[in-house]
Amino acid sequence: GDGVFAEFESARLSVRALPLLFGRELTIGTVALDGFRLDLRVDAQGRRNWSDLLAGDAADERARPPAGPPAGPPGRASLEVSGVDISNASITYVHAPKGDRYAFADANLKIGRINESGEAIPVEGGLAFDVQPVGYSGTVELATSVSFDTATGAVAFGKSSLEATVAGIAVEPTRLAFSTQGIDVDTVEKTAAVGAVELSVLGVDMRADVQPFSYADAIQPQAAIRVDAFSPRNVMRMLGVEPPATADPAALTRVILDAKASMGDDLVRLTDLNIKLDDTSFSGSMTVPFDSAGRFFAKLDGDALNLDRYIQPAVEGGAAGEPEAAPIAIPSDLLRPLNVRGELTLDGVQMSGLQLEDVTVTVNAKDGKLRINPMTASLFGGSYSGDITIVTSTSVPSLSVNETVQGIDLAKLA
């Protein structure tokens, strides 16, 4: 195209000559680059606007005469850079066949003194980004420090933090925060020790104590995680989902979670899982897929659950002398995207004034169809079994129920 491929406003680099000539010491002043702009494009035919640069390098390599015998190992020179200062940089990448556009602007990066003493090198920077057509945009700021030992291949990151504000994830711009006290990397053994990590997103605060792991092949770390108390209602509102109306306004307002997590290729496994939902405690295991199209699996045991708190509140009205009645409201927006299979047991459930004990529920939800079967419980000395199906994939959602009650002690029922 006719556009500029790369340009910059100003650049500065200085080298001290005498230490290089007499002491084999390469001492560089602050490397400064201001107003750097780079425009990367792939056109409709798949041609890249940087291909000619790569082709030129290959041609130069082919034209270069064969290298002569090595002149012998040179003495090792020391290196020191006063710092790196990149300001007001921007990079644009456009992939016409896919329709993707990535834009990074107002990028600034400052790196402190670099030498071979092993001292920590401070690093800080930030940028604004815009990703289309997914519609994500925002800002990112990073602060850390890096030290390395060339003799052992050890790299250490000091106290690090990353903060971002992202639009497009939720109704309002969302703040994300990540921090760690330090990360140690052994580049020879290809292992990493991360330690405690703190993450905050959508008002949910999480801490993970990560065990040392290898990155030689697939990266599959393990960690003990804890999610502090948060409100599912608030998270749903942030994501543009209206929380369901419940008889108790305080329902779905408090969740706490802790577990052991292990990362697989496409999912996270949670074991020794403990969840506190309002006043009910659950324990068990769960798998959470990375892909939104993946499937959740859960096996949980709980204590007492009061379902009357979570049902839709009664509707006032109706003709005089007639019982109040209203159609059953099915929360289609919440149920339609579910892709879940789970098994749940509860010591007791209160529902419509009835007290059920030893409740077992199996849930299978996929493609807009939710089926709860089997569902069994003990009730007034007898037993209850049910098969409930909710279909939300049609224009009019439907509910079907097949229930059996037997052996009920009528005296207890009265």
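A brief report on the enclosed structure follows. If you're wondering where the values come from, they're calculated on a predicted model, not measured in any experiment.

Comments concerning the overall build of the chain
Secondary structure assignment for the chain yields five helices and 26 strands. A buried classification covers 29% of the 414 residues belonging to the chain. Of the contacts made within the chain by residues no fewer than 6 positions apart, 44% connect residues no fewer than 24 positions apart.

Quick look at the pattern of salt bridges
Close approach of charged atoms lets side chains of opposite charge pair. Enumeration according to the criterion identifies 16 salt bridges in this entry. Residues glutamate 80 and arginine 113 are paired through a salt bridge, measuring 2.5 Å at the closest nitrogen-oxygen approach. Of this pair, glutamate 80 sits in strand 5 (residues 78–95) while arginine 113 sits in the loop between strand 6 (100–111) and strand 7 (121–132), placing them 33 residues apart in sequence. Look at glutamate 80 and you get partly exposed, because its relative accessible area is 25%. Taking relative accessible area as the criterion, arginine 113 reaches 43% and is therefore assigned partly exposed. Between aspartate 272 and lysine 260 there is a salt bridge, with the nearest N and O atoms lying 3.4 Å from each other. Of this pair, aspartate 272 sits in strand 19 (residues 267–277) while lysine 260 sits in strand 18 (residues 255–263), placing them twelve residues apart in sequence. The class of aspartate 272 is partly exposed, set by a relative accessible area of 48%. One connected set of salt bridges, linked through shared partners, spans Glu7, Glu9 and Arg37.

Description of a negative patch on the surface
On the surface, a cluster of negative charge is contributed by Asp301, Asp347, Glu357 and Asp358. Positionally, aspartate 358 belongs in strand 23 (residues 354–366). You can call aspartate 358 exposed: its relative accessible area is 53%.

What about the nonpolar core?
Counting residues in hydrophobic clusters, the biggest one holds 45 residues, and the most contacted among them are Ile225, Leu270 and Leu273. Among the elements that make up this core, the one with the highest residue count is strand 24 (residues 369–379) (five residues). What isoleucine 225 contacts, discounting residues up to four positions off in sequence, is Arg207, Ala208, Leu257, Asp258, Ala259, Ala261 and Leu270.

What about the side chain of aspartate 39?
Among the secondary structure elements, aspartate 39 is positioned in strand 4 (residues 37–42). Look at aspartate 39 and you get buried, because its relative accessible area is 17%. Beyond its immediate sequence surroundings of up to four residues, aspartate 39 is in contact with Val4, Phe5, Asn49 and Thr92.

Here's the deal with the pairing of strand 3 (residues 25–34)
Bridge count for strand 2 (residues 10–12) against strand 3 is three bridges, and the pairing is antiparallel. Opposite alanine 11, over in strand 3, you have leucine 33 as the bridge partner. The pairing of strand 3 with strand 5 spans nine bridges and is parallel. Looking across to strand 5, one finds that glutamate 25 is bridged to serine 78.

What to know about unusual backbone geometry
Geometrically, the link from glutamine 132 to proline 133 is a cis peptide bond, its omega value of 10° lying close to zero. Mapped onto the elements of the fold, proline 133 is located in the loop between strand 7 and strand 8 (136–149). That bond from asparagine 373 to proline 374 is cis: its omega, -5°, falls within 30 degrees of zero. If you trace the backbone, proline 374 turns up in strand 24. With phi around 55°, aspartate 278 is a residue other than glycine that occupies positive phi space. For aspartate 278, a relative accessible area of 7% puts it in the buried group.

So, the pairing of strand 24
Relative to strand 24, strand 23 runs antiparallel, the two being bridged by seven bridges. For lysine 366, the partnering residue across the bridge sits in strand 24 and is lysine 369. Connecting the antiparallel pair strand 23 and strand 24 is a turn made up of two residues, with aspartate 367 showing a positive phi of about 55°. Across nine bridges, strand 24 lies against strand 25 (residues 382–391) in antiparallel orientation. Each bridged residue has a counterpart across the sheet, and for alanine 377 the counterpart in strand 25 is tyrosine 384. What sits between strand 24 and strand 25 in their antiparallel hairpin is a turn of two residues, with phenylalanine 380 showing a positive phi close to 50°.

Rules used throughout
- Residues numbered from 1 in each chain as written.
- Predicted model: local features only at pLDDT ≥ 70, side-chain atom pairs only at ≥ 80, totals over all residues.
- Heavy atoms only, no water.
- Helix = DSSP H or I, 4+ residues; strand = E, 2+ residues; numbered from the N terminus.
- Buried < 20%, exposed > 50% of the residue type's maximum accessible area, 1.4 Å probe, protein only.
- Contact = heavy atoms within 4.5 Å.
- Salt bridge = Lys/Arg side-chain N within 4 Å of Asp/Glu carboxyl O.
- Patch = residues over 30% accessible without salt bridge, like charges linked within 9 Å, V, L, I, M, F, W, Y side chains within 5 Å.
- Areas by Shrake-Rupley, 256 points an atom, 1.4 Å probe, with all protein chains shown as cover.
- Lys, Arg positive; Asp, Glu negative; His and termini not counted.
- Charge placed at Lys NZ, Arg CZ, Asp CG, Glu CD.
- Core = buried A, V, L, I, M, F, W, Y, C linked by side-chain atoms within 4.5 Å.
- Pairing = 2+ DSSP bridges.

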